[in-house]
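# Examination of the molecular architecture
Spelled out, the chains give:
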Amino acid sequence: MEPREDGALHLQEPAGGGCGAIIGKSCVASPYRWLRRLYRELHWSFVLAVVAVYGACQGVGNSVGGVAAGYYWKNVQRVQPSAAQFYQGVTDAPWVVKPLWGLLTDVIPVAGYRRRPYFVLAGVIGVSSMLMLSLHRGLGIMPALLALTAQSAGAAVADVTVDALVAQNSITHPPLASDMQSLCGFSSSLGALFGFTISGLLVHSMGSQGALGLLSIPSALVLSAGILLKENRAAEFDYKQVHKKFYKAIQCMGTTLKCPEVWRPCVYMFVSHNLSLDIQGGMFYWYTDSVVGPGFSEGSIGLIYAIGSVGSLLGVLLYQSALKDYPFRSILLWGQVLSSLAGMLDLVLVTRVNLKIGMPDYFFAMIDNSISQMVGRLKWLPLLVLCSKLCSPGIEGTFYALLMSLQNAGLLMSAWWGGLLLHMLNVTRMEFSNLWIAVLIRNISRLVPLTLLFLVPQSDQNLTLLPAEMLQDGESTEAVKAGSVEFSVLVQDGSGFVSPNMVAEDEHTKMFDAENDDVESIPLVNKSEPIFDS
């Protein structure tokens, strides 16, 4: 790969026309037509699973849960901001071990199914843990932390299961890779918009524990999606061979990671998230402090974050309509720079410069969150597309989970680094005089990953990144039949592979259809960046 060139920063033109140019011609098509085409290409139950996981569980669940958990740690457990930041990292730990969940769903079928049972399991875990937390008054810190971690584990299992479907469809339908990621992000943004809108009202009327109890509803929807998902039942499975299949999958992942086209972007993604220090614990405490901070109420907090979700949605639409055909390196360069600049708005708010120019805290906070969420989405979506392009056939679910776990490990460490920074600067429940220093350090640290940008491929987002021999050697999945995707049976002995000719023929067919159909598949939009991070 070419090293990063010095000079003026500008987005490069897309590498070529083709599918991207055709998609661009119909980018103004209505969401209804776009969703109708996705139903036809990928089957409605796949779209339903994406909406249930990303829209309900992650969109609504993360927004309501984020606000409610913030008030829970502050008002019920009464911990310091640095401790709340640390506990947030602990509850996110199940997302770091996503490869384990990926191996389970790829290798071990339950009652002949490889996806549906894990959606059901995720739903049961989420429902039971949140009901326990909400109904048990006087719960100690450790049991509460365990319940929140269990709910996070359920969400992670659901996420890795639907991501396995997305990764498999990205191989069988390469032109739809960015479209599927956009569907995930669009569902997440709409869910977050709705969740933040009602989160403050729920916390105010039901208390933080009552609001957390309502998170059992999104988990129940994930359970329902698992029941309704269309999936072929696998042939008789020899559970005595599980250890061999685990070994084969791990060996295949190791081989894939040794490929420079894979490990180089992985290093950049991990460092990029690791150095984006998460200090939202301190910001939340400052937001709600009535002496030093703005003293926002529960309803105001929810509305501010809801308006921020509108910015996230706008970021999705902007990426889909104008940016998804640009090279990875160019769009990630601008995403990193804009992320640092957007963080400076927090510095203006914390230092109260906005009041000196006559702009109220409430209004400025809404602008701050909107811009930050939009930039965060523009930075996040290309990384998701990049991850889907790095998956080797045969271990799509597991390897995609591994790539996402690397990012989640970076986010986990950023939360702990942020908590340590708040502790070192003596930012507490009542003391915020050094919070502006933490904000400034965070913003500067976001520019450091630019030194590793040369590790990211310069290629177009619509092109295949893996070498042809890896696509041919990998064990793959059952074929697409009768116009509907038959979801993958991964890491299976004796299976064929998706040949480059099949992929090329599939892409050519979709491009031909796009010219004759009234609409090309257009993505409108996942874990999204951390919900509260600026």
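Residues numbered from 1 in each chain as written. Predicted model: local features only at pLDDT ≥ 70, side-chain atom pairs only at ≥ 80, totals over all residues. Heavy atoms only, no water.

## Remarks on the overall build of the chain
From N to C terminus, the chain includes 20 helices and zero strands. By element, 67% of the accessible surface of the chain is carried by carbon and sulfur atoms, the whole surface being about 20,100 Å². (Helix = DSSP H or I, 4+ residues; strand = E, 2+ residues; numbered from the N terminus. Areas by Shrake-Rupley, 256 points an atom, 1.4 Å probe, with all protein chains shown as cover.)

## Let's talk about the packing of helix α14 (residues 328-350) against helix α18 (residues 435-445)
Between two packed helices, the angle of one axis relative to the other and the distance separating the axes together describe the packing. Direction vectors running N to C along α14 and α18 enclose 175°, while the axes themselves pass 9 Å from each other. With respect to their mutual orientation, α14 and α18 come out roughly antiparallel. From α14, S340, G343, M344, D346, L347 and V350 reach across to α18, where they touch L435, W436, V439, L440, R442 and N443. Taken together, the residues of the contact of α14 with α18 break down into seven nonpolar, three polar and two charged. (Axes fitted to C-alpha atoms, helices over the stretch in contact; angles between N-to-C directions. Parallel < 35°, antiparallel > 145°, perpendicular 65-115°, else oblique. Contact = heavy atoms within 4.5 Å. Nonpolar A, V, L, I, M, F, W, Y, C, P; charged D, E, K, R; others polar.)

## Some remarks on the side chain of N354
Mapped onto the secondary structure, N354 falls in helix α15 (residues 353-356). On the basis of relative accessibility, which here comes to 0%, the residue N354 falls in the buried class. Residue contacts for N354: discarding those within four places in its chain leaves V348, L349, M359, P360, D361 and F364. (Buried < 20%, exposed > 50% of the residue type's maximum accessible area, 1.4 Å probe, protein only.)

## Digging into the packing of aromatic side chains
By the definition in use, this model includes ten aromatic pairs. Above the face of the Y285 ring, K74 is positioned so that its terminal group lies 5.7 Å from the ring centre. The ring of Y113 carries R116 above its face, with NZ or CZ at 4.8 Å from the centroid. (Phe/Tyr/Trp six-rings, centres within 6.5 Å; stacked < 30°, edge-to-face > 60°. Lys NZ or Arg CZ within 6 Å of the ring centre and 35° of its normal.)

## Comments concerning the UniProt feature "transmembrane region" (unreviewed entry) in the chain
If you check UniProt for "transmembrane region" (unreviewed entry), the listed places come out as residues 46-73, 118-135, 183-204, 210-229, 299-319, 331-350 and 399-422 in our numbering. Segment residues 183-204 splits into 100% helix and 0% strand. End C-alpha atoms: 32 Å apart. For the annotated span residues 331-350, helix accounts for 100% and strand for 0% of the residues, and the straight-line distance between the end C-alpha atoms is 29 Å. (UniProt positions renumbered as here; feature names shortened; annotations may be inferred.)

## Some points on helix α11 (residues 260-274)
For α11, with 15 residues, the first-to-last C-alpha span of 21 Å sits near the 21 Å given by 1.5 Å per residue. Here α11 has its buried residues at V262, R264, P265, C266, Y268, M269, V271, S272, H273 and N274. (Expected span 1.5 Å × (residues − 1).)

## Remarks on the nonpolar core
With 50 residues, the main nonpolar core has W73, L133, L212, Y287, I301, Y305 and L435 as its most contacted residues. Per element, the largest residue contribution to this core is seven residues, and it comes from helix α3 (residues 44-76). In this view, Y287 contacts P294, G295, F296, I301, Y305, D346, L349, A365, D368 and N369; residues no more than four positions away in its chain are not counted. Listed in part, the 38 residues of the second largest apolar core include F186, W380, L384 and C391. (Core = buried A, V, L, I, M, F, W, Y, C linked by side-chain atoms within 4.5 Å.)

## Quick word on the pattern of salt bridges
A side chain of one charge can pair with a side chain of the opposite charge when the charged atoms of the two come close. Following the criterion strictly, the structure yields two salt bridges and no others. With its nearest N and O atoms 2.1 Å apart, the salt bridge here joins R352 to D361. (Salt bridge = Lys/Arg side-chain N within 4 Å of Asp/Glu carboxyl O.)

## Observations regarding unusual backbone geometry
The backbone of R352 shows a phi angle near 65°, a positive value even though the residue is not glycine. Checked against the element boundaries, R352 lands in the loop between α14 and α15. A positive phi angle, close to 60°, is found at N426, a residue other than glycine. Looking at the element boundaries, N426 is found in the loop between α17 (396-424) and α18. Relative accessible area serves as the criterion here: at 47%, N426 is assigned to the partly exposed category.

## A look at the confidence of the model for the chain
Within the chain, residue pLDDT values average 76, and 77% of them lie at 70 or more. By mean pLDDT, helix α1 (residues 19-25) is the weakest element of the chain at 37, and α18 is the strongest at 94. Note that residues 473-534 has pLDDT below 50 and, in this model, 194 contacts with residues that lie over four places away or in other chains. (pLDDT = per-residue confidence, 0-100.)

## Quick word on α3
G61 marks where α3 bends most, by close to 35°. For α3, the tally of buried residues reaches 27 of 33 residues, placing the bulk of the element in the interior. The positive-phi residue at the C-terminal boundary of α3 is R78, with phi of around 55°. (Bend = angle between axes of the 7 residues up to and from the residue.)

## Brief notes about the environment of W263
Relative to the elements of secondary structure, W263 occurs in helix α11. With relative accessibility at 37%, the residue W263 sits in the partly exposed group. In this structure, the C-alpha to C-alpha distance between W263 and L390, residues 127 residues apart in sequence, is 9.4 Å. Contact partners of W263, with chain neighbours within four places excluded, come to L257 and K258.

## Considering a nonpolar patch on the surface
On the surface, Y39, W44, L48, I227 and L228 cluster together into a nonpolar patch covering about 490 Å² of accessible area. Every element with two or more residues in the nonpolar patch is listed here: α3 and α9 (216-228). Residue placement: I227 occurs in helix α9. (Patch = residues over 30% accessible without salt bridge, like charges linked within 9 Å, V, L, I, M, F, W, Y side chains within 5 Å.)

## Topic: the environment of A150
Position of A150 relative to the elements: it lies in helix α7 (residues 141-172). Residue contacts for A150: discarding those within four places in its chain leaves I125 and S129.

## Details of the packing of helix α6 (residues 116-135) against α9
Where α6 meets α9, the closest approach of the two axes is 7 Å, and the angle between their N-to-C directions is 160°. Taken together, α6 and α9 sit at an angle that is classed as roughly antiparallel. The hand of the α6/α9 crossing is left-handed. From α6, R116, F119, V120, A122, G123, V124, G126, V127, M130 and L131 reach across to α9, where they touch S216, S219, A220, V222, L223, G226 and I227. In the contact of α6 with α9, the residues fall into eleven nonpolar, five polar and one charged. (Left-handed = near helix turned anticlockwise from the far one by under 90°.)

## Observations concerning the side chain of S340
Secondary-structure assignment places S340 in helix α14. Looking at S340, the relative accessible area reads 4%, which means it is buried. Sequence-distant contacts of S340, that is, excluding residues within four places in its chain, are made with N443, R446 and L447.

## Overview of the environment of A68
Mapped onto the elements, A68 comes out in helix α3. For A68, a relative accessible area of 0% gives the class buried. For the pair A68 and G200, spaced 132 residues apart in sequence, the C-alpha separation works out to 8.2 Å. Non-local contacts of A68, meaning those with residues more than four positions away in its chain, are made with V203, S208, A211 and L212.

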